[in-house]
Amino acid sequence: DPQLLEEVTQLRAELDEANYRYYVLDEPTLTDADYDRRLQRLKQLEAENPSLISPDSPTQRVGAAPADGFPSVAHAIPMLSLDNAFNAEDIIAFAQRVAERLECEADEVEFTCEPKLDGAAVSLVYEQGVLVSGATRGDGRTGEGITSNLRTLRSVPLKLMGKQIPELLEVRGEVIMRHKGFEALNERAREEGSKVFANPRNAAAGSLRQLNPQITATRPLEFHAYQAARLEPDMGDATHSELMARLITLGFRSSAELKVLTGPQAVVEYCEQLGAKRDQLGYDIDGVVIKVNALRYQRELGFVARAPRWATAFKYPAQEEVTT
Ligand SMILES: Cc1ccc2cc(C(N)=O)cc(O)c2n1
């Protein structure tokens, strides 16, 4: 019945658009009540016409628990950790090392800076624009397959947006829990006598490792993309900042605080400025991720044993643990 198909298609488009505006653009259009009304209507139409159900429908976010635990997933490209810088001298030394290898002046090198979110790192794989796999970082080479849990996050697109859909995209990013959601969760946990989490990072990691996606679906988690580990067709001689802008058009949230800066002094200033407003962000960060912006230079610089030569993480002193 074309009338029915029209209504189902319209509802899906409205729900996907509402997700994007709420979670990526921070400009919600639908109220939660409007969102839920449309979702219920779509669930009813799909229940009456099961042949219409497709895995990328907004109604298919919360599935069944994986029968026997999470499968082990090998990352096609290792999720390596970053080397650390602790002060301005370390940042300048990092920039000098990069400049030497690129045979240019440190003050000419373009860097990006973004807050280093303190959550749980995950990887999402999209084939022909559809989410096919999601995994935890694990030990960097092998993680746990938690696709069913990641599907419950409304900031994780079930299918990519727009017309320029890549054949293959592997997005890396951080799943975080904001302070407000963390405090509300622990408040409920104390009332119910269930597990109270020590900090938002543990709460995010613990929520992603729930065997039952219905539980994960109730947790206030957000996915923030920070890298495209694989992209086919690739973007050739692009930059990290252009890649992040492309991810936003594909439906992902990526750091609103990302800045392109030239030379180490500007990077040091960014780290000082962000440090000054660290307590007002509403979510935990443990530093600043500093990257060489040009992807061509990132490829040229490569990695040392365990961490990229082209990136480092400036770390702030640990904050006193949140008293629960
Ligand atoms: C390459 C790399 C590795 C880990 C990262 C971690 C974060 C983070 N925790 O926010 C951000 C990034 O841009 C990262 N980038």
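This write-up is about the structure you can find in this document. (Residues numbered from 1 in each chain as written. Predicted model: local features only at pLDDT ≥ 70, side-chain atom pairs only at ≥ 80, totals over all residues. Heavy atoms only, no water.)

As for empty space enclosed by the protein
Right, so step 1: Tallying each qualifying case throughout the model produces 1 cavity of 30 Å³ or more.
Right, so step 2: Approximately 40 Å³ is the volume attributed to the largest cavity.
Right, so step 3: Lining the largest cavity, in full, are Ala18, Tyr22, Pro28, Thr29, Leu30, Thr31, Asp32, Tyr35 and Arg154.
Right, so step 4: Of all the secondary-structure elements, those providing two or more residues to the lining of the largest cavity are helix H1 (2-24) and helix H2 (32-48).
Right, so step 5: For the lining of the largest cavity, a count of residues per class yields 5 nonpolar, 2 polar and 2 charged. (1 Å grid on protein atoms, 1.4 Å probe; cavity = no way out; pocket = protein on both sides within 12 Å on 5 of 7 lines; lining within 4 Å. Points joined across faces, edges and corners; volume = space filled by probe spheres on them. Helix = DSSP H or I, 4+ residues; strand = E, 2+ residues; numbered from the N terminus. Nonpolar A, V, L, I, M, F, W, Y, C, P; charged D, E, K, R; others polar.)

Quick look at the site of the ligand
Right, so step 1: Taken together, Leu82, Glu114, Pro115, Lys116, Leu117, Glu174, Tyr226, Gln227, Val289, Lys291 and Trp310 make up the full set of residues near the ligand.
Right, so step 2: Leu117 places a main-chain nitrogen or oxygen 2.8 Å from an oxygen atom of the ligand.
Right, so step 3: When the free accessible area of the ligand is taken as 360 Å², the share hidden by the protein chains comes to 92%.
Right, so step 4: Elements that contribute at least two residues to the shell around the ligand include exactly strand E3 (110-117), strand E8 (222-232) and strand E10 (285-292).
Right, so step 5: Per-element tally for the shell around the ligand: the top contributor is E3, with 4 residues.
Right, so step 6: When its residues are assigned to classes, the shell around the ligand shows 6 nonpolar, 1 polar and 4 charged. (Near = heavy atom within 4 Å. Polar contact = N/O pair within 3.5 Å; in protein donor to acceptor, adjacent residues only side chain to side chain. Areas by Shrake-Rupley, 256 points an atom, 1.4 Å probe, with all protein chains shown as cover.)

Section: unusual backbone geometry
Right, so step 1: Pro233 follows Glu232 through a cis peptide bond whose omega is -5°.
Right, so step 2: Tracing the sequence through the fold places Pro233 in the loop between E8 and helix H8 (240-250).
Right, so step 3: Residues other than glycine seldom take positive phi values, yet Asp26 does so here, at roughly 55°.
Right, so step 4: Locating Asp26 in the fold gives a position in the loop between H1 and H2.
Right, so step 5: Not every positive phi belongs to a glycine, and Gln128 is a case in point at roughly 50°.
Right, so step 6: With respect to the element layout, Gln128 can be found in the loop between strand E4 (120-127) and strand E5 (130-136).

As for the sheet that holds E3
Right, so step 1: Pairing is mixed across the open sheet formed by 5 strands, whose spatial order is E2-E11-E10-E3-E9. In the strand order of this sheet, the two ends are held by strand E2 (84-85) and strand E9 (259-262), each with one partner.
Right, so step 2: Where E2 lies against strand E11 (residues 311-315), 2 bridges are found, and the strand directions are parallel. Across the sheet, Ala85 pairs through a bridge with Phe314, a residue of E11. (Pairing = 2+ DSSP bridges.)

In short, the description is geometric, and any link to function would need to be established separately.
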